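Residue-level structural notes
If you want the building blocks of each chain, they are given just below.
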Amino acid sequence: MPINLQPDSRVLIHGIDNPLALAAISRMQIYGTNIVGIIIAGKGGQQLGDLPVFDLVEQAQAALGPIDTSLIFVPAYEVLDAALEAIAANIPQLVIVTRGVPPLDTIRLLRQARITDTLILGSGSAGIIIPDRLLLGIYQPQLFRPGKVAIISRNQSLTAEIASELNQANFGQSIVIHIGSDPLVGSSCRLWLEWLQSDPLTAAIVLVGDICWDSEAATAAYLLAQKGKPVVAYLAGIHASTPHPLTDAAIVLSHTLSKPIHHADTIQQRIETYQRAKISVAKKIGQIPHLLKKLGSKA
Amino acid sequence: MDLLEYQAKELFREVGIPVLPSQRIDRPTDLKALRIPYPVVLKSQVSVGNRGKAGGIRFVENTIDAIAAARTIFNLPISGEYPQVLLAEAKYNTSQEFYLAIVIDRLACRPVLLGSSDGGMNINTMLDRIEQVVVYDEFSSFYARRLALKMGLQGDLMLAVSEIIEKMYLLMQSQDLDLVEINPVGVDRNGEVMALDGKISVNHHAVGRHPNLQPWRVVDNVRNRLRTLSPLFTDVGNISILCSGNGLALAMLDSIAQGGGKVAQCIVVDPACGEEMQLALDRLGIYNQDLVESSTLDVLLVNLVGSETDSFQQIIQYLPDYQNLTIVWRVLANDFDRLAGLLPLSIKLVTNFDRAISQTLAIAKD
């Protein structure tokens with residue numbers, strides 16, 4: 001799947017229902033993101049600021065030419081429709097910022113995206129930032145500095161905290177990828193790890209939070225480390241319980257059977273998955289820069 | 001949203017999954033107008049498991065026994081939960097019991113059919129024999145037959161069970177379910193199948209688009225939306241946490257626990273939502289001086305880094321100024337300059353995560 005994150009790539013905004021959308025649009029424009037138009041059904045033909053508004057993605061495509069990425073901000077129950085519309089118009093990359101998309105909608109969307117080889121980030125994604133080059137989504141760019149450390153995360157607030165820690169240790173970021181906070185997401189941690197192998201800007205990777213705990217992703221991380229791009233993971237939640245732990249089928253099942261598996265158990269299992277793949281796990285946030293240095297990161 | 005058994009069975013009936021004749025009982029005297037012939041089973045309608053072992057399921061032979069048993073069940077809390085409703089159901093003699101369920105596998109991003117030829121109460125043998133079928137593409141009946149065959153069923157029974165699985169799938173799809181489970185599916189001597197107990201979880205994000213489920217919905221106001229994370233070990237702590245994201249909350253809970261501190265409460269808010277902020281402070285029990293004085297609370301650790309807010313002025317107005325409560329507020333360096341002169345002495349600004357934790361711990365241990 002080709003991934004286009006060029007600074008001049010052409011971006012469409014789909015929906016402004018999310019209260020974050022308008023602030024995010026102006027932030028992206030100030031940052032230099034090449035937003036070409038907005039889709040708001042029923043408002044076609046109008047202008048929003050200096051941007052033309054269309055009823056349909058295909059109309060925008062016809063008027064503006066090919067589009068690289070659609071950023072989706074429509075309400076959760078309309079995400080499937082907006083995403084299928086973008087796929088039908090051959091837009092190759094979708095960033096779904098909206099949170100709380102019903103899982104069965106996501107399953108349907110991912111089946112279609114597999115057929116068309118469409119890249120889906122999210123749902124519930126804060127987007128991607130390549131500091132000083134590209135801002136796609138709702139991240140606040142002042143939190144990040146250019147550098148050589150890639151961050152893959154599914155926690156927006158924790159990412160900001162870790163970027164701040166890296167900045168204080170003079171580790172800037174090559175890219176920050178938020179794969180989405182919803183239980184089901186499109187592009188996986190593994191896919192991005194594989195992409196980072198050949199990303200010339202990235203010299204090391206930090207994995208944040210509850211991601212990449214399956215053995216395939218751990219293997220991808222292991223391969224990266226073998227190729228001289230060290231991977232450091234930070235997992236939170238060993239000393240806490242959450243009301244809705246993220247679960248896979250086996251854990252759902254065990255809850256069902258009144259044999260609950262504690263969240264901490266699963267975090268512990270995830271740490272063990274990392275350790276089996278020889279990935280360094282930071283015990284606290286402040287340890288992340290030290291581990292990067294120790295692993296001889298050229299970042 | 002977890003449905004109660006009688007609600008799940010109403011949905012089963014609608015899609016044609018066989019269930020026994022049953023009647024909802026709101027008070028013991030309802031049993032005088034019972035339309036099902038005795039013997040019947042009375043079942044406590046609570047959302048927690050293990051009702052049988054806790055005494056929430058009773059067999060009765062006549063009206064007098066039934067009313068007495070119903071009184072007992074209504075007054076029997078199961079894991080702290082009293083039933084609002086009982087279900088009276090015909091008795092069924094099973095010769096075999098199976099387990100069936102459909103869940104969503106988060107890693108595969110696909111629904112998974114689960115089945116065991118050993119259903120009922122014996123969880124361990126059931127788990128040993130659990131079979132899975134992942135539904136990779138559009139659902140079709142063959143997926144259901146594949147599971148039934150893997151469970152070791154044959155002939156008519158295989159077809160009858162796969163028909164139930166197919167209907168469970170339709171229900172899952174039409175109602176946005178995270179989980180649909182029948183445990184047990186009973187089979188009698190004639191080979192008739194019956195859903196004897198049912199569990200359904202509706203996806204909480206999707207429940208809003210199902211008008212038929214609204215009457216069963218628990219009111220979802222801001223108060224319910226507010227996420228509270230609890231420390232794993234529930235000691236009485238003297239540190240409370242207010243922060244802007246789940247991941248951040250977990251990181252702070254971990255760091256404080258590692259440093260030997262004890263957390264009383266940890267609340268996740270959207271700082272841009274004034275209503276949520278107010279509720280959070282209410283829940284932390286720090287909206288007036290008297291409460292703070294009588295509580296064990298010594299430190300409030302605030303971390304709203306990365307959240308969508310340019311209005312730190314707004315947040316300041318929510319943070320109280322009490323003599324015996326110190327607030328440690330972790331901010332980014334550029335916010336520090338803006339805020340430093342504006343704050344009362346009880347609020348300490350810190351520009352680094354680990355330092356914020358260590359200051360909090362130092363104050364808490366003082």
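Each helix and strand in chain A was counted, giving 10 helices and 15 strands. In chain A, which comprises 299 residues, the share counted as buried stands at 52%. Counting contacts in chain A only where the partners sit at least 6 residues apart, residues at least 24 apart contribute 72% of the total.

Broken down by element type, chain B carries 13 helices and 17 strands. Looking at chain B as a whole, 41% of its 366 residues qualify as buried. The contacts in chain B between residues at least 6 apart in sequence include a share of 63% that link residues at least 24 apart.

So, about the pairing of strand S9 (residues 134-137) of chain A. The side chains of a regular strand alternate between the sheet's two faces. Residue and element names in this part refer to chain A. Across 4 bridges, strand S8 (residues 127-130) lies against S9 in antiparallel orientation. Within the sheet, the bridge partner assigned to isoleucine 128 lies in S9 and is leucine 136. A loop of 3 residues connects S8 with S9, the two strands running antiparallel in sequence, and aspartate 132 in this loop sits at a positive phi of about 70°.

Residues and elements named next belong to chain A. Once the domains are mapped, chain A shows domain 1 (10-121) and domain 2 (144-294). Listed by partner, the interface residues are 11 residues for domain 1 and 8 residues for domain 2. Elements that contribute at least two residues to the side of domain 1 that touches domain 2 include exactly helix H4 (103-116) and strand S7 (119-121). Among the residues making up the side of domain 1 that touches domain 2, the classes are represented as 8 nonpolar, 2 polar and 1 charged.

In an α-helix there are 3.6 residues to a turn, and that puts residues three or four apart on one side. With 13 residues, helix H13 (residues 353-365) of chain B extends 19 Å from end C-alpha to end C-alpha; this agrees with the ideal 18 Å at 1.5 Å per step. Burial in H13(B) covers these residues: Phe353(B), Ala356(B), Ile357(B), Thr360(B), Leu361(B) and Ala364(B). Down the axis of H13(B), the buried side of the element spans an arc of 130°, and every buried residue falls inside it. As for H13(B), its buried residues are in contact with helix H5 (156-168) of chain A together with strand S13 (239-243), helix H8 (246-258), strand S15 (299-303), strand S16 (326-330) and strand S17 (347-350) of chain B.

This part takes up the packing of H5(A) against H8(B). Where H5(A) meets H8(B), the closest approach of the two axes is 5 Å, and the angle between their N-to-C directions is 60°. In terms of orientation, H5(A) and H8(B) fall into the oblique class. Residue-level contacts link Ser157(A), Leu158(A) and Glu161(A) of H5(A) to Gly247(B), Leu248(B) and Ala251(B) of H8(B). Split by residue class, the contact of H5(A) with H8(B) holds 3 nonpolar, 2 polar and 1 charged.

This next bit is on the confidence of the model for chain B. All names here are of chain B. Across chain B, the average pLDDT comes to 86, with 88% of residues at or above 70. Scored below 50 in pLDDT, residues 220-224 shows 5 contacts in the model against residues more than four places distant or in partner chains. The ipTM, which scores confidence in the relative placement of chains, is 0.85 for this predicted complex, and the corresponding pTM is 0.88.

We now examine the sheet that holds S7(A). Residue and element names in this part refer to chain A. Ordered by their spatial adjacency, 7 strands build an open sheet running S3-S4-S2-S1-S5-S6-S7, and the pairing between neighbours is mixed. Only two strands of the sheet have a single neighbouring strand rather than two, namely strand S3 (47-48) and S7. Bridge analysis of strand S5 (residues 69-72) against strand S6 (residues 93-96) gives 4 bridges, and the strand direction is parallel. The residue of S6 that forms the bridge with threonine 69 is glutamine 93. Lying on the sheet, helix H2 (residues 57-64) is in contact with strand S1 (10-14), strand S2 (34-39) and strand S4 (51-54); it crosses S2 at an angle near 140°.

Another point: the sheet that holds strand S2 (residues 22-25) of chain B. Pairing between the strands of a sheet comes from backbone hydrogen bonds, and it takes one of two forms, parallel or antiparallel. Residue and element names in this part refer to chain B. Overall, antiparallel pairing links the 4 strands, which are arranged S2-S5-S3-S4 in an open sheet. The open sheet terminates on both sides in strands that have one partner only, identified here as S2 and strand S4 (57-60). Across the sheet, the mean angle separating the axes of adjacent strands is 20° when strand polarity is ignored. Here 4 bridges tie S2 to strand S5 (residues 86-90), and the two strands are oriented antiparallel to one another. For arginine 24, the partnering residue across the bridge sits in S5 and is leucine 87. The sheet strands contacting helix H3 (residues 63-74) are S2, strand S3 (40-44), S4 and S5, and the helix crosses S3 at an angle near 15°.

Let's shift gears to unusual backbone geometry. Note: most residues except glycine have negative phi, and most peptide bonds are trans. Note the cis peptide between Tyr38(B) and Pro39(B), where omega equals 0°. Within the secondary structure, Pro39(B) is located in the loop between S2 and S3. Of note, the amide linkage connecting Asn183(B) to Pro184(B) takes the cis form, showing an omega dihedral of 5°. With respect to the secondary-structure elements, Pro184(B) resides in strand S9 (residues 177-187). Although it is not a glycine, Asp132(A) sits at a positive phi angle of roughly 70°. Position of Asp132(A) relative to the elements: it lies in the loop between S8 and S9. On the basis of neighbour counts, which here come to 15 C-beta atoms within 10 Å, the residue Asp132(A) falls in the partly exposed class. Positive phi, normally seen in glycine, also occurs at Asp176(B), with a value near 55°. Within the fold, Asp176(B) resides in the loop between helix H6 (155-175) and S9.

Let's shift gears to the pairing of strand S7 (residues 110-116) of chain B. Residues and elements named next belong to chain B. Burial analysis of S7 places 6 of its 7 residues in the buried class, which makes it a mostly covered element. Counting the residues between successive antiparallel strands, the hairpin from strand S6 (residues 96-105) to S7 contains 4 residues, one of them, cysteine 109, with a positive phi of roughly 55°. As judged from the 4 bridges shared by S7 and strand S8 (residues 131-134), these two strands associate in the antiparallel manner. Following the sheet pairing, valine 112 is matched in S8 by valine 134.

Attention now goes to the environment of Phe139(B). With respect to the helices and strands, Phe139(B) occurs in the loop between S8 and helix H5 (141-150). Spatially, the C-alpha atom of Phe139(B) lies 9.1 Å from that of Leu170(B), the residues being 31 residues apart in sequence.

About the cut-offs
Residues numbered from 1 in each chain as written. Chains lettered and ligands numbered in written order. Predicted model: local features only at pLDDT ≥ 70, side-chain atom pairs only at ≥ 80, totals over all residues. Helix = DSSP H or I, 4+ residues; strand = E, 2+ residues; numbered from the N terminus. Buried ≥ 20, exposed ≤ 12 C-beta atoms within 10 Å, placed from the backbone. Contact = placed C-beta atoms within 7 Å. Pairing = 2+ DSSP bridges. Domains from an automatic or database assignment. Nonpolar A, V, L, I, M, F, W, Y, C, P; charged D, E, K, R; others polar. Expected span 1.5 Å × (residues − 1). Arc of directions from axis to C-beta. Axes fitted to C-alpha atoms, helices over the stretch in contact; angles between N-to-C directions. Parallel < 35°, antiparallel > 145°, perpendicular 65-115°, else oblique. pLDDT = per-residue confidence, 0-100.

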